[in-house]
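# Reading the structure
If you want the building blocks of each chain, they are given just below.
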Amino acid sequence: MAFESLSDKLQNIFKGLRGKGRLTEDDVKAALKEVKMALLEADVSFKVVKQFIKTVTERAIGQDVLNSLTPGQMVIKIVNEELTNLMGSETTKLKLLPDNEITVIMMMGLQGAGKTTTTAKIAGKLKGSGKKPLLVACDVYRPAAVEQLQINGDKQGVPVFAMGTNHKPVDIAKAAIEHAKKNNNNVVVLDTAGRLHVDEDMMNELIEIRDNIDITQTVLVVDAMTGQDAVNVATQFNEKIGIDGIIITKL
Ligand SMILES: Nc1nc2c(ncn2[C@@H]2O[C@H](COP(=O)(O)OP(=O)(O)O)[C@@H](O)[C@H]2O)c(=O)[nH]1
Ligand SMILES: [Mg+2]
């Protein structure tokens, strides 16, 4: 949603630029000021926006841009290129161990971020690429959470390991790995419990799993709709647990 209205705003700013035959430095600065406002309103971090506008301004008020036949188009192109840079131009894959070893992925995040949904989706993808995933219900605080994972796992045709809600998550995870060994599953995906806010109980539970199990990758799931809060959440998880990857849901 944030990106939708941002893209509308950028379209309008660009329309104004395109309409002009010649551009002065002031025209470009005025347009970039609007871009800056649009980004801030879309909850992009102030530091990131400041650097972004600086880079774009330096490139856009260069003489070969302003004196070109289509200066408006060139400015738009620069904004587009720098936005792409900002979003990251590299893709990094989930690190997986060879098929004869068991990869363990621990999914983490606040309640409602989309862990259970994403966990099942990842398992489905892994299955599609020839792996033999096992989903593990480590959210023991709500019986509905176990059931939800089972339903999502069924949809993906991926088995779900659950022990109800009366065991410690770390013990469920250990038992799941034993189960995986016996059943030839080579990726174990742990769906852990979240809380409404980052709190010590949640962190301690995750630390206990991390310290007792050979985790291959830790993946944080964050809700895009929470904006800059998601950045704070990520910072805290990274400091306490260490995160290998982030998945942004609800984009
Ligand atoms: N629109 C949208 N909804 C999502 C997405 N991921 C999860 N949800 C919904 O968000 C809610 C919470 O998801 P859930 O997987 O239960 O979150 P968890 O508490 O972190 O396990 C559910 O209603 C999901 O259907 C997404 O990428 N897009
Ligand atoms: Mg869940």
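The strand order E3-E2-E4-E1-E5-E6 describes an open sheet built from six strands, whose pairing is parallel. Across the chains shown, the open sheet's two edge strands, defined by having one partner strand only, are strand E3 (160-161) and strand E6 (245-249). The pairing of strand E2 (residues 133-138) with strand E4 (residues 187-192) spans six bridges and is parallel. Bridging across to E4, Cys138 finds its partner in Thr192. Relative to E4, helix H6 (residues 115-128) is tilted by about 170 degrees, and along the sheet it contacts strand E1 (103-108), E2, E4, strand E5 (217-223) and E6.

A separate point is the site of ligand 1. Around ligand 1, the neighbouring residues are Leu110, Gln111, Gly112, Ala113, Gly114, Lys115, Thr116, Thr117, Gln148, Thr249 and Lys250. Residue Gly114 places a main-chain N or O atom 2.9 Å away from an oxygen atom belonging to ligand 1. One nitrogen or oxygen atom from the side chain of Thr116 is found 2.8 Å from an oxygen atom belonging to ligand 1. With the chains in place, 61% of the 570 Å² that ligand 1 exposes on its own is no longer accessible. At three residues, the largest contribution of residues to the shell around ligand 1 is made by H6. Here the shell around ligand 1 is built from residues that sort into two nonpolar, seven polar and two charged.

Bringing the environment of Lys77 into the picture now. Within the secondary structure, Lys77 sits in helix H5 (residues 71-87). Separated by 17 residues in sequence, Lys77 and Ala60 place their C-alpha atoms 9.5 Å apart.

Applying the stated criterion across every chain yields a total of zero aromatic pairs. Arg195 extends its terminal NZ or CZ atom over the ring of Tyr141, reaching a point 4.7 Å from the ring centre.

This part takes up the nonpolar core. Met106, Met108, Val136, Leu190, Ile209 and Phe237 are the most contacted members of the largest nonpolar core, which has 31 residues in total. Secondary-structure elements contributing two or more residues to this core are E1, E2, helix H8 (169-182), E4, helix H9 (200-212), E5 and helix H10 (228-240). Sorting elements by how many residues they give to this core places H8 first, with six residues. Setting aside its immediate chain neighbours within four residues, Val136 contacts Leu149, Phe161, Ile172, Ala176, Val188, Val189, Leu190 and Asp191. Counting residues in each nonpolar core, the second largest holds 24 residues, with Val28, Ala31, Val35 and Val75 among its members.

Taken together, the side chains of Val48, Leu86 and Met87 make up a nonpolar region of the molecular surface, amounting to roughly 270 Å² of accessible area. Residue placement: Leu86 occurs in helix H5.

Counted under the stated rule, the structure contains 14 salt bridges. Where Lys131 meets Asp99, a salt bridge forms, and the shortest distance between an N and an O atom there is 2.6 Å. Of this pair, Lys131 sits in the loop between H6 and E2 while Asp99 sits in the loop between H5 and E1, placing them 32 residues apart in sequence. Judged by relative accessible area, which is 9%, Lys131 ranks as buried.

Considered domain by domain, the protein is made up of domain 1 (2-87) and domain 2 (103-249). Using C-alpha coordinates to define each centre, domain 1 is positioned 40 Å away from domain 2.

Looking now at the packing of H9 against H10. Where H9 meets H10, the closest approach of the two axes is 10 Å, and the angle between their N-to-C directions is 45 degrees. Accordingly, the angle class assigned to the pair H9 and H10 is oblique. Between H9 and H10 lies a crossing whose hand is right-handed. Contacts between H9 and H10 involve Met202, Met203, Leu206, Ile207 and Arg210 from the first element and Gln236, Phe237 and Lys240 from the second. Of the residues in the contact of H9 with H10, the class split is five nonpolar, one polar and two charged.

So, about the environment of Ala230. Relative to the assigned elements, Ala230 resides in helix H10. On the basis of relative accessibility, which here comes to 12%, the residue Ala230 falls in the buried class. Dropping the residues within four chain positions of it, Ala230 is found in contact with Val222 and Asp223.

Conventions adopted
Residues numbered from 1 in each chain as written. Chains lettered and ligands numbered in written order. Predicted model: local features only at pLDDT ≥ 70, side-chain atom pairs only at ≥ 80, totals over all residues. Heavy atoms only, no water. Pairing = 2+ DSSP bridges. Helix = DSSP H or I, 4+ residues; strand = E, 2+ residues; numbered from the N terminus. Contact = heavy atoms within 4.5 Å. Axes fitted to C-alpha atoms, helices over the stretch in contact; angles between N-to-C directions. Near = heavy atom within 4 Å. Polar contact = N/O pair within 3.5 Å; in protein donor to acceptor, adjacent residues only side chain to side chain. Areas by Shrake-Rupley, 256 points an atom, 1.4 Å probe, with all protein chains shown as cover. Nonpolar A, V, L, I, M, F, W, Y, C, P; charged D, E, K, R; others polar. Phe/Tyr/Trp six-rings, centres within 6.5 Å; stacked < 30°, edge-to-face > 60°. Lys NZ or Arg CZ within 6 Å of the ring centre and 35° of its normal. Core = buried A, V, L, I, M, F, W, Y, C linked by side-chain atoms within 4.5 Å. Buried < 20%, exposed > 50% of the residue type's maximum accessible area, 1.4 Å probe, protein only. Patch = residues over 30% accessible without salt bridge, like charges linked within 9 Å, V, L, I, M, F, W, Y side chains within 5 Å. Salt bridge = Lys/Arg side-chain N within 4 Å of Asp/Glu carboxyl O. Domains from an automatic or database assignment. Parallel < 35°, antiparallel > 145°, perpendicular 65-115°, else oblique. Left-handed = near helix turned anticlockwise from the far one by under 90°.

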